[in-house]
Amino acid sequence: MSDLDLSPLLQRLEGLHQQGRTALLPALHEAQSLYGYIPQPAAEAIGRALNVPLADVYGVIEFYSLFYSQPVGKTVIHVCNDPACALAGSETLFKQIRFQQEAAPTGSSPPSLTVEMAPCLGLCEHAPAILVQGQPFGRANRQTWQDLVNGKGERPSSLVGGTVAILTANCGLGHTVELSEYLDLGGYQALRKAFQTQPRQIIEEIKNAGLVGRGGAAFPTGLKWEAAANAPGAVKYVVCNADEAEPGTFKDRVLMEDDPHSILEGIIIAGYAVGAQKGYIYIRGEYLRSYEAMKKAVDDAREAGFLGNNILDTDFDFDIEIRRGAGAYICGEETALFESIEGKRGFPRLKPPFPTTHGLFGKPTVINNVETLANVPVIIRKGAAHYRRLGTEKSPGSKLFCISGDVVRPGLYEVPFGIPFHHLLYDLAGGVRPGHHFQAALFGGAAGAFATPDHLNVRLTFEDLKEAGLPLGSGVITVFDETRDLRDVCLRLARFFAEESCGKCYPCQMGTQRQFEIMERIASGKVYQEDWERLQDVGWTMTDSSLCGLGQTAASAILSAMKRFPHLFQPA
Amino acid sequence: MDESIRMTIDQQNVQAAAGSTILQAARQAGIEIPTICYHDHCTANGLCRICVVEVEGVRTLQPACVVQARDGMIIHTRSERVIRSRRTILEMLASSVDLSESPEILTMLTQYHSDAFRFPDAEARHPAVIDDNPMYIRDYAKCILCWRCVQVCAEDAQFTYAINFSGRGFETQISTFYEIPMPESTCVFCGQCVGVCPTGALKPKREWLLEMGYSPDEIMSLTRSQRQRRKRREENSPNPS
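Residues numbered from 1 in each chain as written. Chains lettered and ligands numbered in written order. Predicted model: local features only at pLDDT ≥ 70, side-chain atom pairs only at ≥ 80, totals over all residues.

Chemist: Honestly, the interface of chain B and chain A in this entry has me stumped. Any pointers?
Modeler: For an interface, size is often stated in terms of accessible area lost upon the parts coming together. Counting residues at the interface gives 39 residues for chain B and 39 residues for chain A. Elements with a minimum of two residues in the side of chain B that touches chain A: α2 (80–96) and β7 (164–166) of chain B. Considering every element that reaches the side of chain B that touches chain A, the biggest residue donor is α2(B), with eight residues. Residues that form the side of chain B that touches chain A fall into these classes: 19 nonpolar, 13 polar and seven charged. (Contact = placed C-beta atoms within 7 Å. Helix = DSSP H or I, 4+ residues; strand = E, 2+ residues; numbered from the N terminus. Nonpolar A, V, L, I, M, F, W, Y, C, P; charged D, E, K, R; others polar.)

Written out as C-alpha cells, the structure is:
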C-alpha cells in the first residue's frame, strides 16, 4: 500500500472538497476508477477532504455492493441472477465463467478476473445479461467467455413496441436522440409553453391530467407538486428517481438511453412549477450507459440555455446534477435515495415527515420516477384533456410495460391503460415461447404478485389490477411457462431481498434472511411440516411491521404464490 | 404544547400532552408497550419494531416509540397482528444473536410464548470476540444492532465517530474504519457505548476477565504490560497532555 500514488485522487478531490459530505459517493467512484477498489489510504484522504468521519466513510463503502474495500480483478464481471435471466440460463453462464476464472493462471495479485452474481441488471429483454467492467452485454450465453471478457459481446439495443408511441415516440430508433434532433421533433416546446403560464396553473394541469407516479406507489403527481410548492422555505429540490432496480424493470433505462431530453424537460418544468432551484438525477450504479446519455444531455441542455440562469430569457434559474448510485436496490426508496445523495448509507428514513416538506437536505422536495417525469412534457404540450383521451377515467394516459421471461418478443411496450393482459401478452409480445403455454406471470417485480391463467382477461389499469389482487408496480410482467418451477422463482426473489435489505429495521433485516433459508428448503424439496406457518409468520411480520416499502413488500410475491399455488409449499 | 389530546388505547380513554408519542401516552396511562432499541437518551429510530401497535385506519403497524399520538386515535397494543409481529421478531432475534446476557429480551420471549428454536438451520451471527484494547471487549455475537453505541459515539453524546457499520442487511456489524483496532481509531474510551449496550456485546474488560474466572490479582498481572506500555508512551511523548 505504501506505493499507492494518491496525487491523482487528491487532484480530483480538490473539485469536490467544497461540497463536503454530499460528494462522498462521487469521490468514492473516483477512487475506485483510479485504483480498481478503494484502498484504505484513499478512503482516509477522501474523509479528510470532505470532512467525513473515517468510520462513516467505511460504513458507506461497505453499504454499496459496487464499492470494494479490498482488491478485485482487473476485469469485473457481473452476471444477473434474477428470474428473467435465470430462465435464459444465467446459472450455467455463471458457472462457466467462474470455471474459466478458476482455471486461469493463479499467483497474479490482484487476480485478473472477478466474477460476481448480481441482482437484476435491467436488461431482462436481452437475457441472460452481464456487465463487463460496467458495460452491458445481452444474450451472453451465445458468446465464448474469451469474447465476453474482452468486451466483444452483443450490445443490447432497445426493443420497443406497443399500440401507441407517446412516451416512446423517440425510443427504439437505434440511437440516443440528442438535442438538435429533439428540438426538430418538437422538444422543449412544452417548457416554452410552461414559462408562459403561472406555476400554479401547471400544477393544476398535472392534477387534471390525473397523472400518478410510475415508480410503483402510484401517488398523484399533482398533489405531490402542490404540497412541495406550498411548503414553506426558499430552497427546494426536484429529484428524478432513476434508481431503477426492481427485478424485471428496464423502462427507465430505455427512456434515459434513447430520449434523455424528454426527462430533462419534465424535470425543468417540475422545478418551475414548485419553485425549485436545483434538480438531481439519481441513476443506479449499474446503468453506466444511462448515466453517460443523461450526462451528455444535461451538458448540451446547459450549453443551449435550457439549464442555468435565466432559462430562455426568463428569470427562472435552475440546474441539474447527476448522481450515480453504487449497487443498492434500497436507494430506489425515496428517503434512502436522499440519504445516498447526502453521502450516507442508504437507510430509509421514518415517515412522516414526508419529502414534500422535509426531503433532500431537509428541504421541501419533489421526487418523481423517470417515466412519471417523461409524461410531464406530453401533458403540458397538448393539455390535460388531450392526455385523458387515452386510458380510463381512473388510469388516464399510456403506460410502459416491461415484458420478459418466456415470451416470443420480450421488450418495452407502450399501451393505453385499459387493454386486457392477454392482448399485451399474445398480440403484442407474441405469446408464450413456441410449444409451451402460460403458467404464471409475476406482476410488479420482486415486490409484486403472481398472476395465473385466470387473470388473462384482467384489464391493465390501476383499478382493475387492484381488484384482481395484482400490483401494477413499475409495469413489470415476467412470464413463466408450464415447465418452470415457481419455487425456484420464489427462491430467487427471497435471495434478492436478503441481499438488498439495508438491515435497519429488525423485521426485514432478519426476516429476509429467514425467508430465504426457508425458501431454500422448499426449493430443494426438503421442506419441513412447519415451514408453511414459519413462512407466513415471517412474511406477515415483514409486511405489517417493517419500516419502509422494501420490507413491507419483501414477502408479497411469496405470500401470493402461497395463496395461488399452495401445493408448491407443502411437504411431498 | 400545553394542549392535550384524547385517544383510546385498548378500549381505555387516555389523555396526553400534544406531541407525545404513543409510547409516552400509553406508559402514562399504565399500559405497558415493550421496547428493545428505544433508550430515553438516544435518538429513537424505530428499528426493533417490538413496540408496534395497531392504529385503526392505518395500513401497517406503527412503532409506538416514534409515532405521535393524535386526537381521536384508536390504538390496540395487543391485537392478534401485533402479537404475531412481536412474537416472530423475538423468535428471529433468538435465532440470530446470543441473548444469554439480555434478561429483558429473554423475559419477553417467555411473555410472548416465543419459541427460541423456531427456525431450524438458521444462520446466526457469531463473529469472534474483539479484544483489542485495555478498556472493553466487543462480542458482536451478542449485538442486536440497536445502534445505541454508534449514536452515543456520534451526535447523541460524544461526537467521536469511532464506529459505524460494516456490511448491510443481515450481515451488518458495528465496525471501526477498515476494522482497525480501537486504539488506532478516534475512540477516546469514554465508555458511553458500553453504558448503553443492552446485551453485553460491549463489556468492560475487567468484568469480562472476572467472568472468565480470572482473579483480580491475575487480571492485574495480565494487564500489567499494557499499563506499562501506556506509561512509557506517556513519558516519551513530547507534549504530555
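Chemist: Just to check I follow, could you spell out the sheet that holds strand β1 (residues 75–80) of chain A for this structure?
Modeler: Within a sheet, each strand pairs with its neighbour through backbone hydrogen bonds, oriented either parallel or antiparallel. Residues and elements named next belong to chain A. Across the sheet, four strands lie side by side as β2-β1-β3-β4; this open sheet has mixed pairing. For this open sheet the edge positions go to β2 (113–118) and β4 (135–137), each flanked by a neighbour on one side alone. Strand-to-strand twist across the sheet, computed as the mean angle between neighbouring axes with direction ignored, equals 25 degrees. In this sheet, strand β3 (residues 130–132) lies alongside β1 in antiparallel orientation, the contact comprising three bridges. The residue bridging Ile77 from the neighbouring strand is Val132, located in β3. (Pairing = 2+ DSSP bridges. Axes fitted to C-alpha atoms, helices over the stretch in contact; angles between N-to-C directions.)

Chemist: What exactly am I supposed to notice about the packing of helix α21 (residues 506–523) of chain A against α2(B) here?
Modeler: Axis separation between α21(A) and α2(B) bottoms out at 10 Å; the angle between their running directions is 65 degrees. In terms of their interaxial angle, α21(A) and α2(B) are classed as roughly perpendicular. Note on packing geometry: the crossing formed by α21(A) with α2(B) is left-handed. Two secondary-structure elements touch here, α21(A) through A:Tyr506, A:Pro507, A:Met510, A:Gly511 and A:Arg514 and α2(B) through B:Ile89, B:Met92, B:Leu93 and B:Ser96. Tallied by class, the residues present in the contact of α21(A) with α2(B) amount to six nonpolar, two polar and one charged. (Parallel < 35°, antiparallel > 145°, perpendicular 65-115°, else oblique. Left-handed = near helix turned anticlockwise from the far one by under 90°.)

Chemist: Mind showing me how you'd approach the nonpolar core here?
Modeler: Taken as a class, soluble globular proteins show a tendency for nonpolar side chains to be buried jointly. Among the nonpolar cores identified, the biggest contains 256 residues, and A:Val57, A:Ile269, A:Ala270, A:Leu424, A:Cys490, B:Leu93 and B:Cys149 are the most heavily contacted of them. The residues touching A:Leu424, leaving out its near neighbours within four places in the chain, are A:Phe401, A:Tyr413, A:Val415, A:Ile419, A:Ala429 and A:Leu460. (Core = buried A, V, L, I, M, F, W, Y, C linked by C-beta atoms within 7 Å. Buried ≥ 20, exposed ≤ 12 C-beta atoms within 10 Å, placed from the backbone.)

Chemist: I keep staring at the domain arrangement of chain B and nothing clicks. Help me out?
Modeler: Residues and elements named next belong to chain B. Per the domain assignment, the segments of chain B are domain 1 (4–78) and domain 2 (136–236). Counting from both sides, the interface comprises eight residues of domain 1 and, opposite them, eight residues of domain 2. Among the residues forming the side of domain 1 that touches domain 2, the class breakdown is five nonpolar, three polar and no charged. (Domains from an automatic or database assignment.)

Chemist: Looking at this structure, how should I read the domain arrangement of chain A?
Modeler: Residue and element names in this part refer to chain A. The domain architecture assigned to chain A consists of domain 1 (7–63), domain 2 (75–149), domain 3 (160–387), domain 4 (398–481) and domain 5 (486–569). Each of domain 2 and domain 4 was reduced to a C-alpha centroid, and the two centroids are 28 Å apart. Counting residues at the interface gives six residues for domain 2 and eight residues for domain 4. Here the residues of the side of domain 2 that touches domain 4 are counted per class, giving five nonpolar, no polar and one charged.

Chemist: Could you clarify how one ought to interpret helix α10 (residues 199–209) of chain A in this entry?
Modeler: Three or four residues apart is the spacing at which side chains of an α-helix point the same way, because the helix has 3.6 residues per turn. Residue and element names in this part refer to chain A. All of the buried residues in α10 are Ile202, Ile203, Glu205, Ile206 and Ala209. Along the axis of α10, the buried positions cluster into a sector of 155 degrees, meaning they face one direction only. Those residues of α10 that are exposed and aimed more than 90 degrees away from the buried face are Arg200 and Gln201. In the core, the buried residues of α10 are packed alongside α9 (189–195), α11 (221–230), α13 (260–274), α16 (370–382) and α17 (384–387). Positive backbone phi, at 75 degrees, marks Gly210, one or two positions downstream of α10. (Arc of directions from axis to C-beta.)

Chemist: Teacher, can you tell me more about the sheet that holds strand β3 (residues 52–55) of chain B here?
Modeler: Residue and element names in this part refer to chain B. One open sheet accounts for five strands, arranged β2-β1-β5-β3-β4; its pairing is mixed. Whereas interior strands pair on both sides, the edge strands pair on one side only; in this sheet they are β2 (12–17) and β4 (62–63). Bridge analysis of strand β1 (residues 4–9) against β2 gives six bridges, and the strand direction is antiparallel. Bridge pairing in β2 links Thr8 to Asn13. Docked against the sheet, α2 engages β3 and β5 (74–76), running at close to 160 degrees with respect to β3.

Chemist: Can you walk me through the environment of B:Ser175 in this structure?
Modeler: Positionally, B:Ser175 belongs in strand β8 (residues 173–175). Taking the C-alpha atoms as reference points, B:Ser175 and B:Arg81, separated by 94 residues in sequence, lie 35 Å from one another.

Chemist: Explain the packing of α10(A) against α11(A) to me, please; I cannot follow it from the model alone.
Modeler: When two helices pack together, their arrangement is captured by the angle between the axes and the distance separating the axes. All names here are of chain A. Here α10 crosses α11 at 155 degrees, and the two axes come no closer than 7 Å. Judged by the inter-axis angle, α10 sits roughly antiparallel to α11. Crossing of α10 over α11 shows left-handed handedness. In contact with Pro199, Ile203, Ile206 and Lys207 of α10, α11 contributes Thr221, Gly222, Leu223, Trp225, Glu226 and Ala229. Of the residues belonging to the contact of α10 with α11, the class tally is six nonpolar, two polar and two charged.

Chemist: Would you mind going over unusual backbone geometry with me for this structure?
Modeler: Leaving glycine aside, a negative phi is the common case for residues, and trans is the common case for peptide bonds. Looking along the chain, the bond that leaves A:Lys351 and enters A:Pro352 is cis, with omega of -5 degrees. As for its placement among the helices and strands, A:Pro352 is situated in the loop between α15 (334–341) and β9 (365–369). A cis amide bond, omega 0 degrees, links A:Pro352 with the succeeding residue A:Pro353. Take A:Pro353: it is sitting in the loop between α15 and β9. A positive phi angle is found at B:Leu145, which is not glycine, with a value near 55 degrees. Structurally, B:Leu145 can be placed in the loop between β6 (136–138) and α4 (148–153). A residue is classified by how many C-beta atoms lie within 10 Å of it, and B:Leu145, with 27 of them, is buried. Positive phi values are uncommon outside glycine, yet B:Trp147 reaches one of about 75 degrees.

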